[in-house]
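Now for the letters of each chain:
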Amino acid sequence: MDYKFPKEFMFGVSTAAYQIEGGWNEDGKGENIWDHLVHSSPELIRDGTNGDIACDSYHKYKEDVALAKNLNVKVYRFSISWARIAPYGVMNSLNLKGIAYYNHLIDELIKNDIIPLVTMYHWDLPQYLQDLGGWVNPIMSDYFKEYARVLFTHYGDRVKWWITINEPMEACKGYAIKGYAPYLNLNNTGYYLAAHTQLIAHGKAYRLYEEMFKSTQQGKISISINGVFFIPKNPNSVDDVMTAERANQFERGLFSHPIYKGDYPPIMRSWVDKKCKEEGRPWSTLPKFTEDEIKLIKGTADFYALNHYSSRLVTHGSDSDPHFNPDAEYITSVDESWLKPSVAPWLIPVSDGLRQLLIWLKDEYGNPPLIITENGYGDNGQLDDLDRINYMKGYLNATLQAMHEENCNVIGFTVWSLLDNFEWMDGFLIHFGLINVDFNDPQRTRTPKASYMFFKNLVSTGQLTS
């Protein structure tokens, strides 16, 4: 079947402040945890690079908006650098030049008929707040609420789509397994504490908007939740089916369940509590919400924001891969029929996994309006990027199938990423852009790839052509 995307479908492209902006200490910007990590321990980044200049979008934002405009996209998703707004993350000391930068960017987008979809926090906590403990310190939820207040005040008259936190689960890994900045090794204790604080922070920002801004600004708010989709290794095995469901609850339910149903998934609570008891701990590593916190968080998403790239098979057991939660007791594997991994070894194309995930989310949370806020493919930066085009075709087709055959309420799809950029611990070794950026050129020359034209054609016609 040749399905079509509806005319009002929100096609877009995504970026993030630390990955593209550069200008790391310019015009009063403070130091964040990524500035701190790459400068104090450059050896931790695979190619020893950093985001000091990145794509230089701090100076070249008009060029980026023009490239997005030429794609005919409806939406440009970008993130705001907290330390650019307030150098220490504290709202009694605002940086007016930083505030002005995002005003210029938002105005430029609107002038070009592009909807700004704004992420408040994409992993770049001001270093001063990290020195106070970062996301494992409960007070961080109040710092975040006050930061959100400043953003709503300055930008909410024009920004109608907000994401509070991007991939909070990955931010937790920066505390648990040295996955990202702040590069701490606090195991699941740090992981769950960071998750708990981020959920409360999200809830406080949402309620603040509801009480103070929504009646005049009329915007929508969500949180971008990521994760691979877990598929039973043996679909005829009850144990494997149960293991896949448990893995999905640990991965996706950790943040979705408190927002859509109130509290953590029951399976998660029972497994973590049991494990902690067996280990002789005096309390569970998974914190408990108070009744007020449950009320605060429940119902705080106006749409579901999903970041998704890949899937895994699972069966019961203990996995050695630190990126998956050992408390859930599952072993991941890859089907031999799946496509080979991209340059990013974690990114194995399994387009049907997205279709299955969209159905899972529909069934689990009552089919909320859903925007895929990230999906994309990593390669070596080649202009003739056929692997990326094939990946995109597969995942866009899976989205169409979910929409037309399963009535999944998908309203938007933003590709990661508009530009090749600084890819966290991988530096500049993996390229996700529809546009090539020459990082050896001081001008950071931008060259559209074949995938850029492919996506432009899709956006213009609403149809996947073979």
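Residues numbered from 1 in each chain as written. Predicted model: local features only at pLDDT ≥ 70, side-chain atom pairs only at ≥ 80, totals over all residues. Heavy atoms only, no water.

Naming follows an unreviewed UniProt entry, where the protein appears as Myrosinase 1 of Aphis glycines. The record held by UniProt for the protein lists under Sequence similarities (unreviewed entry) the comment "Belongs to the glycosyl hydrolase 1 family." Quoted verbatim from the Subunit (unreviewed entry) heading of the UniProt record, the comment on the protein is "Homodimer." (UniProt positions renumbered as here; feature names shortened; annotations may be inferred.)

A. Up close: the packing of aromatic side chains. In this structure the tally under the stated criterion is 43 aromatic pairs. Relative to W424, the ring of Y18 has its centre 6.1 Å away and its plane inclined at 20°; by these criteria the two rings are stacked. Note that Y18 is positioned in helix α1 (residues 17-20) and W424 in the loop between β11 (410-416) and β12 (435-437), a separation of 406 residues in sequence. Their ring planes at 85° and their centres at 5.5 Å tell us that Y309 and W346 sit as a pair that is edge-to-face. Linking Y309 in the loop between β7 (304-307) and β8 (311-316) with W346 in the loop between β9 (330-333) and α14 (351-365), this pair joins segments that are 37 residues apart in sequence. Exposure remark for Y309: the relative accessible area of 9% places this residue in the buried category. Each residue in the set Y18, W34, W123, Y180, F422, W424, F428 and F439 is aromatic and connected to the rest through ring pairs, giving one cluster. Between R84 and the ring centre of Y58, over which it is positioned, the NZ or CZ distance is 4.1 Å. (Phe/Tyr/Trp six-rings, centres within 6.5 Å; stacked < 30°, edge-to-face > 60°. Helix = DSSP H or I, 4+ residues; strand = E, 2+ residues; numbered from the N terminus. Buried < 20%, exposed > 50% of the residue type's maximum accessible area, 1.4 Å probe, protein only. Lys NZ or Arg CZ within 6 Å of the ring centre and 35° of its normal.)

B. Structural view of the packing of helix α8 (residues 168-176) against helix α9 (residues 187-212). Taken N-terminus to C-terminus, the directions of α8 and α9 make an angle of 140°; their axes are 8 Å apart at the nearest point. With respect to α9, the element α8 is oriented oblique. Pair α8 / α9 crosses with right-handed handedness. Only N187, G190, Y191, A194, A195 and Q198 of α9 make contact with α8, whose side of the interface consists of P168, M169, A171, C172, K173, Y175 and A176. (Axes fitted to C-alpha atoms, helices over the stretch in contact; angles between N-to-C directions. Parallel < 35°, antiparallel > 145°, perpendicular 65-115°, else oblique. Left-handed = near helix turned anticlockwise from the far one by under 90°. Contact = heavy atoms within 4.5 Å.)

C. Highlighting the sheet that holds strand β1 (residues 10-14). One closed barrel accounts for eight strands, arranged β1-β2-β3-β4-β5-β7-β10-β11; its pairing is parallel. Pairwise comparison of adjacent strand axes, ignoring direction, gives a mean angle of 25° for this sheet. Those strands touched by helix α7 (residues 140-155) are β3 (115-121), β4 (161-166) and β5 (220-226), and its axis lies near 160° from that of β3. (Pairing = 2+ DSSP bridges.)

D. Examining the pattern of salt bridges more closely. A full pass over the atoms with the stated rule returns 25 salt bridges. The closest approach of N and O atoms between E146 and R149, which form a salt bridge, is 2.9 Å. Separated by three residues within a single helix, E146 and R149 lie in helix α7, roughly one turn from each other. Overall, the relative accessible area of 27% leaves R149 in the partly exposed class. Between D273 and R269 there is a salt bridge whose closest N-O contact spans 3.0 Å. Highlighted residues: D273 and R269, both in helix α12 (residues 266-278), separated by four residues, approximately one helical turn. Among the residues examined, D273 registers a relative accessible area of 24% and is labelled partly exposed. We classify R269 as buried; its relative accessible area is 16%. (Salt bridge = Lys/Arg side-chain N within 4 Å of Asp/Glu carboxyl O.)

E. Inspection of the nonpolar core at higher detail. W34, Y76, W135, F144, Y155, W162 and F455 are the most contacted members of the largest nonpolar core, which has 152 residues in total. For this core, the element with the highest residue contribution is α9, accounting for eleven residues. Discounting chain neighbours no more than four positions away, the residues touching Y76 are V13, T15, I20, A68, L105, L109, I114, I115, P116, L117 and L418. (Core = buried A, V, L, I, M, F, W, Y, C linked by side-chain atoms within 4.5 Å.)

F. Quick look at the sheet that holds β9. Taken in spatial order, the three strands of this open sheet run β6-β8-β9, and their pairing is mixed. The two strands at the open ends of the sheet, each matched to only one other strand, are β6 (229-232) and β9. Within this sheet the neighbouring strands show an average axis-to-axis angle of 45°, counted without direction. Across four bridges, β8 lies against β9 in antiparallel orientation. Within the sheet, the bridge partner assigned to T315 lies in β9 and is I331. Running over the sheet, helix α11 (residues 238-260) touches β6, β8 and β9 and is turned about 170° from β6. Those strands touched by α14 are β6 and β8, and its axis lies near 95° from that of β6.

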